[in-house]
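Chain by chain, the residues run as shown.
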Amino acid sequence: YITCNGYISELKEKDHLLILEFVVASKSGQDEFGGLKPGGKLIFLQMDGSKVTLSNTHNSKGEVNLAKNTTTFKGYFPISKKDIKMFMDAEVESVRVVWADGYEDYNIYEFDFFREHLTCLKETK
């Protein structure tokens, strides 16, 4: 019902940003989730039991695509140096997304997403 694509961008030498695009297979996604608000949280549970919390910086009420019957939300989450170290030290198994109208927990299938993306950025310098 929900798919999520994401990437990490390096803004400056050490500033990183996680950009996530959530696609809900419904044209009523705005009514169901309410959007992503500034300050809304992502709470990642790592396989070693630790947690990393990131905060959204932009408002996303959702973009409806009637032809595809989808609603797309986009969030922007700065990643601190401390968070980068935690992502490099342990793989992620799930995430809690705090939507405007509540929260939901989702399993993550690409456990090494952060490690791969951050390593790639480091190697391209």
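Report follows, based on the coordinates. (Residues numbered from 1 in each chain as written. Predicted model: local features only at pLDDT ≥ 70, side-chain atom pairs only at ≥ 80, totals over all residues. Heavy atoms only, no water.)

What follows covers the sheet that holds strand β4 (residues 51-55). Strand order in the open sheet formed by four strands is β4-β3-β7-β8, and the pairing between neighbours is antiparallel. On the outer flanks of this sheet lie β4 and β8 (102-107), each paired with one strand and no other. Adjacent strand axes in the sheet meet at a mean angle of 20 degrees when their direction is disregarded. Pairing analysis gives six bridges linking strand β7 (residues 92-99) to β8, with the strands arranged antiparallel. When the sheet's bridge partners are listed, V95 is paired in β8 with Y106. On the sheet, helix α2 (residues 81-89) packs against β3 (41-46), β4 and β7 and is oriented at approximately 140 degrees with respect to β4. (Pairing = 2+ DSSP bridges. Helix = DSSP H or I, 4+ residues; strand = E, 2+ residues; numbered from the N terminus. Axes fitted to C-alpha atoms, helices over the stretch in contact; angles between N-to-C directions. Contact = heavy atoms within 4.5 Å.)

Turning to the environment of I43, a few remarks are in order. One can find I43 in strand β3. When the C-alpha positions of I43 and I108 are compared, they lie 12 Å apart, and in sequence the two are 65 residues distant.

Glancing now at the sheet that holds strand β6 (residues 70-79). Judged by pairing direction, the sheet is antiparallel, and its four strands sit side by side in the order β1-β2-β6-β5 without closing on themselves. Only two strands of the sheet have a single neighbouring strand rather than two, namely β1 (2-10) and β5 (63-65). Across the sheet, the axes of successive neighbouring strands diverge by a mean angle of 20 degrees, strand direction being ignored. Direction of pairing for strand β2 (residues 16-24) relative to β6: antiparallel, over a ladder of nine bridges. For L18, the partnering residue across the bridge sits in β6 and is F77.

So, on to helix α3 (residues 113-123). Buried residues of α3: F113, F114, L118 and L121, and no others. The arc enclosing the buried residues of α3, seen along the axis, measures out at 110 degrees, which places them on a common side. Those residues of α3 that are buried are in contact with β1, β2, β3, α2 and β7. (Buried < 20%, exposed > 50% of the residue type's maximum accessible area, 1.4 Å probe, protein only. Arc of directions from axis to C-beta.)

This part is about the pattern of salt bridges. Any two side chains of opposite charge can pair, on the condition that their charged atoms come close. With the rule as written, the count across this model stands at three salt bridges. With a shortest N-O distance of 2.8 Å, K85 and D89 are connected by a salt bridge. Of this pair, K85 and D89 both sit in helix α2, four residues apart, roughly one helical turn. Between R96 and D105 there is a salt bridge whose closest N-O contact spans 2.7 Å. Owing to a relative accessible area of 29%, R96 belongs among the partly exposed residues under this scheme. On the basis of relative accessible area, D105 is assigned to the partly exposed category, the value being 49%. (Salt bridge = Lys/Arg side-chain N within 4 Å of Asp/Glu carboxyl O.)

This part covers unusual backbone geometry. Positive phi values are uncommon outside glycine, yet N69 reaches one of about 55 degrees. Along the chain, the position of N69 falls in the loop between β5 and β6. On the basis of relative accessible area, N69 is assigned to the partly exposed category, the value being 36%.

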